[in-house]
Amino acid sequence: MKIYEKAPAKINLLLDVLRKRDDGYHEVEMVMTMIDLADRLEMQELPRDTIIIASQAGYIPLDEKNLAFQAAKLIKERYDVRSGVYIHLDKRIPVAAGLAGGSSDAAAALRGLNRLWRLNIPTEELQTLGAELGSDVPFCVTGGTAVARGRGEKLEPIEGPPQCWVILAKPPIHVSTQEIYGRLHAPSIERHPSAADMLRAIREKRFADMCAAMGNVLEDVTIRHYPEVRQIKECMLRLGADGAMMSGSGPTVFGLVQKQSKVARIYNGLRGFCKDVYAVRLLP
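Residues numbered from 1 in each chain as written. Predicted model: local features only at pLDDT ≥ 70, side-chain atom pairs only at ≥ 80, totals over all residues. Heavy atoms only, no water.

Student: Can you lay out the nonpolar core for me, pointing to particular residues and giving the numbers?
Tutor: One finds Val17, Leu41, Val85, Leu110, Met236 and Leu270 to be the most contacted residues of the largest nonpolar core, which totals 73 residues. The greatest single-element share of this core, amounting to seven residues, is contributed by helix α2 (residues 101-116). Residue contacts for Val85: discarding those within four places in its chain leaves Met43, Gln44, Leu46, Thr50, Ile51, Ile52, Ala72, Leu113, Leu116 and Trp117. Counting 30 residues, the second-largest nonpolar core is a separate cluster that includes Ile93, Val147, Met198 and Leu256. (Core = buried A, V, L, I, M, F, W, Y, C linked by side-chain atoms within 4.5 Å. Buried < 20%, exposed > 50% of the residue type's maximum accessible area, 1.4 Å probe, protein only. Helix = DSSP H or I, 4+ residues; strand = E, 2+ residues; numbered from the N terminus. Contact = heavy atoms within 4.5 Å.)

Student: Go over α2, please, and point to the residues and values.
Tutor: Between its terminal C-alpha atoms α2 stretches 22 Å, which fits the 22 Å expected from 16 residues at 1.5 Å a residue. Taking burial as the measure, the 16 residues of α2 include 14 buried ones, the bulk of the element. Immediately downstream of α2, the backbone of Arg118 shows phi near 50°, a positive value. (Expected span 1.5 Å × (residues − 1).)

Student: Talk me through the sheet that holds strand β11 (residues 276-281); I want residue IDs and the actual numbers.
Tutor: The strands making up a sheet associate through backbone hydrogen bonding, with each pair oriented either parallel or antiparallel. With antiparallel pairing, the four strands of this open sheet are ordered in space as β9-β10-β7-β11. With partners counted over all chains shown, the strands left at the sheet margins are β9 (243-246) and β11, one partner each. Between one strand axis and the next, the sheet turns through 20° on average, direction left out of account. Across the sheet, helix α10 (residues 260-271) is in contact with β7 (165-170), β10 (253-257) and β11; its angle to β7 comes to roughly 5°. (Pairing = 2+ DSSP bridges. Axes fitted to C-alpha atoms, helices over the stretch in contact; angles between N-to-C directions.)

Student: Go over the packing of aromatic side chains, please, and point to the residues and values.
Tutor: Inspection of the entire model under this criterion finds zero aromatic pairs. Its end group placed over the ring of Trp165, Arg281 keeps NZ or CZ at 4.9 Å from the ring centre. (Phe/Tyr/Trp six-rings, centres within 6.5 Å; stacked < 30°, edge-to-face > 60°. Lys NZ or Arg CZ within 6 Å of the ring centre and 35° of its normal.)

Student: Run through the pairing of strand β2 (residues 26-46), naming residues and quoting values.
Tutor: Of all the 21 residues making up β2, 16 are buried; the element is thus mostly covered by neighbouring parts of the structure. Here strand β1 (residues 2-20) runs beside β2; their pairing, made up of 16 bridges, is antiparallel. Bridging across to β2, Ile11 finds its partner in Thr33. Taking the residues between adjacent antiparallel strands as the criterion, β1 and β2 are bridged by five residues, where Gly24 takes a positive phi near 95°. Where β2 and strand β4 (residues 84-90) come together, seven bridges link them in antiparallel fashion. Counted as the bridge partner of Glu42 is His88 from β4.

These values are about where atoms sit, not about what they do.
Set out below in structure tokens:
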């Protein structure tokens, strides 16, 4: 039997950091949603007690450094599963991009293995397991749109934002989330984005207000060390994006576009100096 799972990328419509916690993590408030750019996982049970990850992508680890591998190992150990699994990972989301590709792969592995091995683990329990693997994994287990608090694991599902096109551009650099958070000094943040404004805009389906409410306090930190991020953002806005912002800790920048007639112009304009460019829709 083979099990297939889709692992969509996520973007942060809002990312605020409130303070650094005593445990070393940061207290955050984020509004996250998923987009139609996805990895795909194919899972097949093996008779011997082993985990094998394969992929067409030559640039990702296929051992214990891979989050899907870690998810399989965690679920096997926690539920005493003696059989093994072969996972083929069709990688489409760029890595180290601020799009939670690895976290979404881990979440997809948890969902798929729960079905493959007929474990009947409730969704809330899968999310708790996911939190052991990374802060974005609990959200990726269920997807949709949500407000995330705590270190990202406290989720409040909300209705989806007004539908639009999402254009993504990732410069050819890798950014470490740990590095960016390490360089952030929370008390020095001058302007915090308003989650209340963002939630009101989403609830009332006001696209322009949603674009105006976007904000990411990590953006300034990343831009200081990677000026390419600012260049892409300014290019997107110049070409006609209704709103543009860095996702997560970067370096991917996304632009929201309501009119399809603008999409090709922005996409082609970005392709002039950025190889990884995508035009996708928000997932409902």
